[in-house]
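What the coordinates show
Next come the chains, spelled out residue by residue.
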Amino acid sequence: MTFTVDIHHHMLPDFFWQATNEGDHPVGGIAPPPWSPASTLSFLDDAGIDVAVTSISTPGVHTGDDAAARVLARRCNELAAELIRDHPGRFGGFACLPLPDVDGALAELAYALDDLRLDGVVLFSNARGSYLGDPRFTPLFDELQRRAAVVFVHPNPSPDPSAHALGLPDSLIDFTADTTRAIARLHYSNTFARTPDVKYVFAHAGGTVPYLAGRFGIIDEMNVIPGAEARATAAGTFRRLYWDTALSWGDPVLRMLRDVVGLDHVVFGTDYPYLRRDLAVSCRQHIEASPELTDGERTAVLGATATTLIPRLATLRPQTQTHAS
């Protein structure tokens, strides 16, 4: 089977869930089943996935208290590193940071990448209402640029209460919209332009961005947003970003991604355990069987492109062909 890396794979230890979610009202509107390393490994084997790059999910670690967020981030990151140590052939890990606490985020970034040797970071589309690209986050993005870091961007619910007034799970509409807001903010704040060496991966095929790419192009042509002279066009920018297939593996989406961003910048993701297990297993099978993909494109989407983002994963290939734990 094709070497496969799940780059959108959540770890949800009890201590994180209890600190950030209400039992009857989970963030995003969908409560996943209980999580454990054993259940994750079982899923990976069933799905034919060689390596999972773990990250925490929405809402991140910050719920209003800087000190508590720093403690929770440290605990989550040490667990991610422990998973890699205990199962070196099966896991990578994205570190979480206690944004919007920038000083805390810088300290945790250094610890997670230098001491724990994690593979990159997960950031959320907004941190307690402040969107990525906000000037207050500039010191963090400067450091991510210095490190040429891999940054996985996951949605958070919108801070606007009206976005949640339809009585629908946020994961249906609002998550995709919030990812789109973050990408637009990062582009038009010129943050992407100032961080050319950061490797950004956007969840869920970038929300609605592939569909709205033509509108971005029209805005560029109209030149109505200041700073255009210092950034690439949206079309050019989108082709240097990376986009995962979580909840976005259908053939129409793959066609759109080929046209807008290029399939060489698309990586596989499941969103497990938020996506029901049987669906998460089948999404890999769909990529494997999709008539939209050539054999080379399939190999790239399922795992080869992920190993260019995180070269360490390429060394796991010989170990994982038998799914040894």
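It should be emphasised that the depicted structure is a prediction, and the values quoted were computed from it without experimental measurement.

**Re the side chain of N21**
- With respect to the helices and strands, the residue N21 is situated in the loop between helix 1 (14-20) and helix 2 (37-47).
- With relative accessibility at 10%, the residue N21 sits in the buried group.
- Within polar-contact distance, the side chain of N21 engages the side chain of T20 at 3.0 Å.
- Among the polar contacts listed, one links the side chain of N21 to the backbone nitrogen of V27, at a separation of 2.8 Å.
- Sequence-distant contacts of N21, that is, excluding residues within four places in its chain, are made with P26, V27, T58 and P59.

**Observations regarding a nonpolar patch on the surface**
- On the surface, L166, L168, L172 and I173 cluster together into a nonpolar patch covering about 410 Å² of accessible area.
- With respect to the element layout, L166 can be found in the loop between strand 7 (150-154) and helix 6 (174-188).

**Considering the nonpolar core**
- The biggest cluster of nonpolar side chains holds 100 residues, and the ones touching the most others in it are L123, L144 and F238.
- Broken down by element, the residue count for this core peaks at nine residues, all from helix 3 (residues 66-86).
- Among residues more than four places away in sequence, those in contact with L144 are L109, V121, L123, A149, V151 and V198.

**Some details on the packing of aromatic side chains**
- The full count for this structure, using the stated rule, is nine aromatic pairs.
- On the numbers, 5.0 Å between centres and 75° between planes, the contact of F192 with Y200 is edge-to-face. Each member of the pair, F192 together with Y200, is buried.
- Put simply, the rings of Y188, F192, Y200, F202, F216, F238 and W243 pair up and form one aromatic cluster.
- Above the ring of Y111, the side-chain terminus of R74 is found at 3.7 Å from the ring centroid.

**Some points on the environment of P210**
- Relative to the assigned elements, P210 resides in helix 8 (residues 209-222).
- Assessed through its relative accessible area of 10%, P210 is described here as buried.
- Distance in space between the C-alpha atoms of P210 and M256 is 6.6 Å, their sequence separation being 46 residues.
- Among residues more than four places away in sequence, those in contact with P210 are A205, M256, L257 and V260.

**Describing the pairing of strand 4 (residues 120-124)**
- Within strand 4, five of the five residues are buried, which leaves it mostly tucked inside the rest of the structure.
- Side chains of strand 4 alternate between two faces, with G120, V122 and F124 and V121 and L123 buried alike.
- A crossover links strand 3 (residues 91-96) with its parallel partner strand 4, the connecting element being helix 4 (residues 102-115), and its sense is right-handed.
- Bridge count for strand 4 against strand 7 is four bridges, and the pairing is parallel. Looking at strand 7, one finds that V121 is bridged to V151.

**A closer look at the state of the cysteines**
- Counting across every chain of the model gives zero disulfides.
- Looking at C96, it has no disulfide partner, and the nearest cysteine sulfur is the one in C76, 4.5 Å off.
- The class of C96 is buried, set by a relative accessible area of 2%.

**A few points about the packing of helix 3 against helix 4**
- Interaxial distance between helix 3 and helix 4 falls to 11 Å at its minimum, and their mutual angle equals 20°. As summarised for this structure, helix 3 and helix 4 are arranged roughly parallel, according to the angle between their axes. Read as a crossing pair, helix 3 and helix 4 show a hand that is right-handed. Of the residues in helix 4, those touching helix 3 at R70, A73, R74, N77 and E78 are D103, G104, E108, Y111 and A112.
- Each residue belonging to the contact of helix 3 with helix 4 can be placed in one class, and the counts come to three nonpolar, two polar and five charged.

**Thoughts on the pattern of salt bridges**
- As enumerated under the stated definition, the model contains 16 salt bridges in all.
- As a salt-bridge pair, E292 and R255 come within 2.8 Å of each other at their nearest N and O atoms. Residue E292 is located in the loop between helix 11 (277-289) and helix 12 (295-309), and its partner R255 is located in helix 10 (residues 251-260); the two are separated by 37 residues in the primary sequence.
- Its salt-bridge partner being D295, residue R298 comes within 3.5 Å of it at the nearest N-O pair. In this pair, R298 and D295 both sit in helix 12, three residues apart, roughly one turn of the helix.

Procedures and definitions
Residues numbered from 1 in each chain as written. Predicted model: local features only at pLDDT ≥ 70, side-chain atom pairs only at ≥ 80, totals over all residues. Heavy atoms only, no water. Helix = DSSP H or I, 4+ residues; strand = E, 2+ residues; numbered from the N terminus. Buried < 20%, exposed > 50% of the residue type's maximum accessible area, 1.4 Å probe, protein only. Polar contact = N/O pair within 3.5 Å; in protein donor to acceptor, adjacent residues only side chain to side chain. Contact = heavy atoms within 4.5 Å. Patch = residues over 30% accessible without salt bridge, like charges linked within 9 Å, V, L, I, M, F, W, Y side chains within 5 Å. Areas by Shrake-Rupley, 256 points an atom, 1.4 Å probe, with all protein chains shown as cover. Salt bridge = Lys/Arg side-chain N within 4 Å of Asp/Glu carboxyl O. Core = buried A, V, L, I, M, F, W, Y, C linked by side-chain atoms within 4.5 Å. Phe/Tyr/Trp six-rings, centres within 6.5 Å; stacked < 30°, edge-to-face > 60°. Lys NZ or Arg CZ within 6 Å of the ring centre and 35° of its normal. Right-handed = clockwise from strand over helix to strand, strands pointing away. Pairing = 2+ DSSP bridges. Disulfide = S-S within 2.5 Å. Axes fitted to C-alpha atoms, helices over the stretch in contact; angles between N-to-C directions. Parallel < 35°, antiparallel > 145°, perpendicular 65-115°, else oblique. Left-handed = near helix turned anticlockwise from the far one by under 90°. Nonpolar A, V, L, I, M, F, W, Y, C, P; charged D, E, K, R; others polar.

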